[in-house]
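Overview (structure and organization)
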Amino acid sequence: MNPPKTRPSKAAPDTGQPLARGLGCPPATLSEFDSLSRQRQQQLLTMVAQVRQQQLAGLRQALAKALPSLLLRLLPGELRQESR
Amino acid sequence: MLASQVEVRKLAALLAQPESTLQDLTAYPPEALRTLRLLAEEQCLTQQRPFFRRWATLLGMLPAPLAASLANRMGPLLTARAATEMPSMRAAAIANRLSPVFLARVCHHLDPQRSRELIRQLATPRLVDTALLLIEQQAYLLLGRVADALDDAAIAAVMAAVHDDAHLLRIALYMESRTRLDHLVRLLPRERLIRAVLLATDPEQDLMVEVIALLANLGYGLKHELGDLAASQPAMVLERIIQVAESRQLWPDLIPVIAELSADTQQRLLTLPVLLQQPKILAHIIDAADQHELWSQVLPLVAMMSPQLLERVAEQAAALPDQALRRAMEAALMTEQWPALVSVAQRLPADRQRQVASIIDGYGQQDPQLRRRLVSLASQHQLGQLFSANG
């Protein structure tokens, strides 16, 4: 872990709060991050969006891989034999 | 602060980013970072929930052996998502039929917040085997979150099965609940706990941060005993503790630990040459005291310092902003640490001495008796000339 950075001053908060909006919570919930620039908040949201996309792709891939075998497993024994 | 650094590490893991890309966030309080992480986790781990609810309902209707067999075919990702949506008892009945190897793979995809009850209901032997596999994979972050959900018996069983104390320290670093951590530490046999803390002093192991984090989160009694134990090591080891705290800026975590040590140990720490040789260390300690409201814990240490070290402290204090000086004096006021403060004031440049005197005069308007007492103390330190006779 590296030493912590100095926190940006709250003197001139950026009022956009894209982070709270993007994560679907009231602005007060993430008000500590008001001092993060709009651009940085957007960057963080982009990272979350990327993970969401990766998760979704992973789910699709896992489903595509598992479904044939699952359906086969759910078939009654005789039908399972025939389908092989 | 270490807790913020740990939170950033967890966020980086969730977002699959190198920790260095989120370093700027370590300046934020750990509670705020935790909220951010949980919200991000919610976004990432709850996609396609209605689908998985239906899937979970279907699995829930099948006999547990068949559901377990299907889970194996579904793979760890789909199983984790379906398990999170199931009633925990049902999910545990299925999980208890899965191999520890598969369960360990499922754990990597579990939503730890929503899976607490499921984890609690796993059979202890299965849990222990799964935990050992995760330790082999060095999945300490994940294990820290799992440990939060476990009851005492399960934790005790895992701790008994893990022979290397370094693993326990690495897991403890990532536990979410500090009160739970203090409780769990008390479940460890005393000799084992001592051995674990002494690992910090082993140069072969890189566990200083973990041990400092552990000590910082313990209650008074254990902090005192274990802190003293770690600090009773040779001076070289103490210097290493100071250097690690400095390089990772762990002063907000370490100051409260030092404050609980015995006077003898505190004295040993204060005589370490490194404090005189590297003035930046004192500057950072003073900074941390001000930013994290730790003046009341630092002032008693100042009272024990040698004249040489006091000179260095005064050099740093001279550069403090006015408000920081006021906060230090407020702490002296609340904790009756005036001798420490006056011994530093004695070494300050004249303009800062006048500022100290003016703040004391301000107190005098509310409490003339206090002013008289402080003027008398100041006079004993050759600072009497700063005050007018009638205040």
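Residues numbered from 1 in each chain as written. Chains lettered and ligands numbered in written order. Predicted model: local features only at pLDDT ≥ 70, side-chain atom pairs only at ≥ 80, totals over all residues.

**Focus: the overall build of chain B**
On a plain count of helices and strands, chain B comes out with 27 helices and zero strands. Its C-alpha atoms give chain B principal-axis dimensions of roughly 90 × 45 × 35 Å. Buried residues in chain B amount to 41% of all 391 residues. For chain B, contacts bridging at least 24 residues in sequence account for 79% of all contacts bridging at least 6. (Helix = DSSP H or I, 4+ residues; strand = E, 2+ residues; numbered from the N terminus. Buried ≥ 20, exposed ≤ 12 C-beta atoms within 10 Å, placed from the backbone. Contact = placed C-beta atoms within 7 Å.)

**As for the nonpolar core**
In this structure, Ala 95, Leu 169, Val 211, Ile 212 and Leu 341 of chain B are the most contacted members of the largest nonpolar core, which totals 119 residues. Among the elements that make up this core, the one with the highest residue count is helix H15 (residues 208–216) of chain B (eight residues). If we skip the residues at most four places from it in the chain, Leu 341 of chain B touches Leu 299, Ala 328, Met 329 and Ala 332 of chain B. Leu 19 and Leu 30 of chain A together with Val 8 and Leu 33 of chain B belong to the second largest nonpolar core, which has 20 residues in total. (Core = buried A, V, L, I, M, F, W, Y, C linked by C-beta atoms within 7 Å.)

**With respect to the interface of chain A and chain B**
Across the contact, 28 residues belong to chain A and 34 residues belong to chain B. Counted by class, the side of chain A that touches chain B contains 16 nonpolar, six polar and six charged residues. (Nonpolar A, V, L, I, M, F, W, Y, C, P; charged D, E, K, R; others polar.)

**Some thoughts on the confidence of the model for chain A**
All names here are of chain A. Per-residue pLDDT for chain A has a mean of 78; in total, 67% of the residues score no lower than 70. When the elements of chain A are averaged for pLDDT, helix H3 (residues 77–83) gives the smallest value, 59, and helix H1 (residues 18–22) the largest, 91. Segment residues 10–14: pLDDT under 50, and seven contacts once partners within four positions in sequence are set aside and those in other chains are kept. (pLDDT = per-residue confidence, 0-100.)

**Quick look at the packing of helix H5 (residues 76–85) of chain B against helix H7 (residues 100–107) of chain B**
Residues and elements named next belong to chain B. Relative orientation of the contacting elements H5 and H7 amounts to 70°, with a least axis distance of 8 Å. Considering the angle they form, H5 stands roughly perpendicular to H7. Side by side, H5 and H7 meet where Pro 76, Thr 79 and Ala 80 of the first sit next to Phe 102, Arg 105 and Val 106 of the second. Split into classes, the residues belonging to the contact of H5 with H7 amount to four nonpolar, one polar and one charged. (Axes fitted to C-alpha atoms, helices over the stretch in contact; angles between N-to-C directions. Parallel < 35°, antiparallel > 145°, perpendicular 65-115°, else oblique.)

**Some points on helix H11 (residues 152–161) of chain B**
All names here are of chain B. Of all the positions in H11, only Ala 154, Ile 155, Val 158 and Met 159 are classed as buried. Projected down its long axis, H11 carries its buried residues within an arc of 135°, all on one side. Exposed side of H11, more than 90 degrees from the buried face: Asp 152, Ala 153 and Ala 160 are the residues found there. Buried-residue contacts for H11 involve helix H9 (124–136), helix H10 (140–149), helix H12 (165–172) and helix H13 (178–187). (Arc of directions from axis to C-beta.)

**Quick look at unusual backbone geometry**
Residues and elements named next belong to chain B. The phi angle at Gln 138 is positive, at roughly 60°, despite the residue not being glycine. By secondary structure assignment, the location of Gln 138 is in the loop between H9 and H10. For Gln 249, which is not glycine, the phi dihedral falls at a positive 50°. C-beta crowding within 10 Å serves as the criterion here: with 21 such atoms nearby, Gln 249 is assigned to the buried category.

**Points about the packing of H12 of chain B against H15 of chain B**
All names here are of chain B. Where H12 meets H15, the axes come as close as 9 Å, and the angle between the chain directions of the two elements is 60°. As H12 packs across H15, the resulting crossing turns out to be left-handed. Where H12 abuts H15, its residues Leu 169, Arg 170 and Ala 172 lie against Glu 210, Val 211 and Leu 214. Classifying every residue of the contact of H12 with H15 by side-chain character gives four nonpolar, no polar and two charged. (Left-handed = near helix turned anticlockwise from the far one by under 90°.)

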